[in-house]
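Coordinate analysis (summary)
In case you want the letters, here they are:
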Amino acid sequence: MKVCKFGGTSVASAEQIKKVAAIVKSDVTRRFVVVSAPGKRYSEDFKVTDLLIELAEAIIADIKYEEKLQNVVNRYKENAEGLGLDPSITEEIAADLHARIDKASKISEEYLLDTLKASGEDNNAKMIAQFFNNIGIKAKYVSPKEAGLIVNSGPERAQAQPEAYANLNALKNSAEVIVFPGFFGYTKNGVLRTFDRGGSDITGSILAASVQASLYENFTDVDCVYSVNPNVITNPLEIEEITYREMGELSYAGFSVFHHEALMPVVKLGIPVNIKNTNNPQAEGTRIVSNRKENLRPVTGISADSGFSILYVRKYLMNREIGIGRKLLQILEEEQISYEHTPSGLDDISVIIRTHQLSPKKEERIVNRVYRELHADDAYFRHGFSMIVVVGEGMKNNTGLAARATATISKTGANIEMINQGSSEVSLSFGVQEKFENVILQALYNEFFAVVAVR
Ligand code: ASP
């Protein structure tokens, strides 16, 4: 029994949805189909989710929004026509959007944004289920509310609660193919909440774990996961198999093929994930598994992500002071900021933070508190950093690997602002200035992939 998730580009147009139907039809074990909202059909196109966010923002700003609503409806209209569906489905979608807007006006702006965002996948799932039935695939749209995909209430990000898995397990016995919208769930009190952007991957994973699927197929628009960003390096090595841990480390910093939070539900049960291409379903894709075959390469992939800031704090003999780390992190906690790494020396500590969580006001408050409460000698923020992460199960106990990586980075002229190696030794992270990101990626790729291939 397989759970298949189809991403935005796989369900962007009638033509794409027909490919999805052919994929589902070709394998009777594909029993669960999780769909995204229609994504981009070509590179300058808009994702329906982005159109919905624009719509919500217009309503919040109290400006005319009818045209924005119509832009969303038109995307479905075009797809419905291409799929030969009853035109009434587009009227139903327009009515659904108006109903959501009415309901949200009595609740909150946050809810308005969530319910409109979620409508992208919800209406798409309804449409796709209808199309499946028209062409002879016995299918049923299932709402996350009826099925009991329970998430926590805010302010923390939405996450499935343990009872969600038990509730969704009941879907296992369905005689029809289940078409399930990705990206959202409901709190115990029935309030809709969306996951992070790209969160339909998370829904697919929750469903796969709930029904104990034998495989979670994640269909996207690339043949496989590459060892490094193919937009930076031409024809990089394809990854056939990768462990959950390696994939987790890589998708944390820049590998956007699969949402990094989507691994957790399947890891616990050891359900393999297969990243596949809707436009080329014959390709084997990349398998994400608990244990993979060993290969000669210590490094499996290299990722890079920008948008990091560093909070630097210095205090003489900090290492002798009990509780200073906790106090520093508590200040961040009280500002609702999560942190990524805390490399430290005897007299100093740096906290690496994603910049989008900061604002000039917050930074000022934090720095003032660090001086006042920690009696620091120096404290300031710096911005514009990238994290480069070198990942591989084969890096464990591999002497000299860090030396090779740092020597390679030094040849690019970049200064390494931070180094971090977790005790699992599966990843090595480097903080560098953003402007060096691509040249470092190229240099590290040459060192760990291209050169090995020639030898
Ligand atoms: N449609 C949502 C987004 O664009 C969720 C998803 O596609 O996974 O983020």
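Just above sits the structure.
Residues numbered from 1 in each chain as written. Predicted model: local features only at pLDDT ≥ 70, side-chain atom pairs only at ≥ 80, totals over all residues. Heavy atoms only, no water.

A few words on the site of the ligand. Around the ligand lies a shell formed by Ser36, Lys47, Thr49, Glu121, Phe183, Arg197, Gly198, Gly199 and Ser200. With respect to the ligand, the side chain of serine 36 contributes an N or O atom lying 2.9 Å from an oxygen atom. With the chains in place, 93% of the 270 Å² that the ligand exposes on its own is no longer accessible. Here the residues of the shell around the ligand sort into 1 nonpolar, 5 polar and 3 charged. (Near = heavy atom within 4 Å. Polar contact = N/O pair within 3.5 Å; in protein donor to acceptor, adjacent residues only side chain to side chain. Areas by Shrake-Rupley, 256 points an atom, 1.4 Å probe, with all protein chains shown as cover. Nonpolar A, V, L, I, M, F, W, Y, C, P; charged D, E, K, R; others polar.)

A few words now on the packing of helix α1 (residues 14-25) against helix α5 (residues 109-134). Viewed as axis vectors pointing N to C, α1 and α5 meet at an angle of 60 degrees, and their least axial separation amounts to 11 Å. Here α5 runs oblique to α1, going by the angle between their axes. The element α1 and its partner α5 pack so that their crossing is right-handed. Mapping the contact onto sequence places Ile17, Lys18, Val20, Ala21 and Val24 in α1 and Asn124, Ile128, Phe131 and Phe132 in α5. (Axes fitted to C-alpha atoms, helices over the stretch in contact; angles between N-to-C directions. Helix = DSSP H or I, 4+ residues; strand = E, 2+ residues; numbered from the N terminus. Parallel < 35°, antiparallel > 145°, perpendicular 65-115°, else oblique. Left-handed = near helix turned anticlockwise from the far one by under 90°. Contact = heavy atoms within 4.5 Å.)

Turning our attention to the sheet that holds strand β15 (residues 378-391). Overall, antiparallel pairing links the 5 strands, which are arranged β14-β13-β15-β17-β16 in an open sheet. Each edge of the open sheet is held by one strand with a lone partner, namely β14 (348-354) and β16 (418-421). Ignoring strand direction, the axes of neighbouring strands in this sheet form an average angle of 35 degrees. Two strands pair when backbone bridges link them, and strand β13 (residues 301-314) and β15 are joined in this way by 12 bridges, in the antiparallel orientation. Counted as the bridge partner of isoleucine 310 is arginine 382 from β15. Together, β13 and β14 form the strand contacts of helix α11 (residues 324-334), whose direction differs from that of β14 by roughly 20 degrees. (Pairing = 2+ DSSP bridges.)

One non-glycine residue with positive phi stands out, namely aspartate 62, at about 60 degrees. Tracing the chain through its elements places aspartate 62 in the loop between α2 (48-60) and α3 (66-82). At asparagine 235, a position not held by glycine, the phi torsion is positive, near 45 degrees. Position of asparagine 235 among the secondary structure elements: in the loop between β8 (225-226) and β9 (238-239). Residue asparagine 235 is classed as exposed on the basis of its relative accessible area of 74%. (Buried < 20%, exposed > 50% of the residue type's maximum accessible area, 1.4 Å probe, protein only.)

Mapped onto the elements, serine 251 comes out in helix α9 (residues 244-252). Ignoring any residue separated from it by four or fewer positions in sequence, one finds serine 251 in contact with Phe258 and His260.

Turning next to α11. For α11, the complete set of buried residues consists of Ile324, Leu328, Ile331 and Leu332. Angularly, the buried residues of α11 cover 95 degrees about the axis, an arc narrow enough to put them on a single face. Looking at α11, the residues exposed on the side facing more than 90 degrees away from the buried face are Arg326 and Glu333. In the core, the buried residues of α11 are packed alongside β13, β14 and α12 (360-374). Note on α11: the residue one or two positions beyond its end, glutamine 336, has a positive phi of about 60 degrees. (Arc of directions from axis to C-beta.)

All chains considered together, the criterion is met by 26 salt bridges. For arginine 75, the salt bridge identified is with aspartate 45, shortest N-O distance 3.6 Å. Residue arginine 75 is found in helix α3, and its partner aspartate 45 is found in the loop between β2 (30-35) and α2; the two are separated by 30 residues along the sequence. One exposure class covers both arginine 75 and aspartate 45, and it is buried. Note that glutamate 340 and arginine 354 form a salt bridge whose closest N and O atoms lie 3.6 Å from each other. (Salt bridge = Lys/Arg side-chain N within 4 Å of Asp/Glu carboxyl O.)

Bringing the environment of glutamate 217 into the picture now. Following the sequence through the fold, glutamate 217 ends up in strand β7 (residues 215-220). For the pair glutamate 217 and alanine 56, spaced 161 residues apart in sequence, the C-alpha separation works out to 32 Å. With sequence-adjacent residues up to four places away left out, glutamate 217 is seen in contact with Lys2, Val3, Cys4, Lys5, Arg30, Asn274 and Lys276.

The subject of this paragraph is the sheet that holds strand β10 (residues 241-243). Strand order across the open sheet formed by 8 strands is β3-β4-β2-β1-β7-β11-β12-β10, with mixed pairing between neighbours. Single-partner strands in this sheet number two, and they are β3 (139-141) and β10. Neighbour to neighbour, the strand axes of the sheet diverge by 20 degrees on average, direction disregarded. Sheet topology places strand β1 (residues 2-6) next to β2; 5 bridges connect them, and they run parallel. Within the sheet, the bridge partner assigned to cysteine 4 lies in β2 and is valine 33. On top of the sheet, α9 reaches β10 and β12 (286-289); it is set at about 85 degrees to β10, its chief contact.

Between α11 and α12, the shortest axis-to-axis distance is 11 Å and the interhelical angle comes to 150 degrees. By the angle class used here, α11 and α12 are roughly antiparallel. Here the hand of the crossing between α11 and α12 comes out right-handed. Contacts between α11 and α12 pair Ile324, Lys327, Leu328, Ile331, Leu332 and Glu334 from the former with Ile366, Arg369, Val370, Glu373 and Leu374 from the latter. Split by residue class, the contact of α11 with α12 holds 7 nonpolar, no polar and 4 charged.

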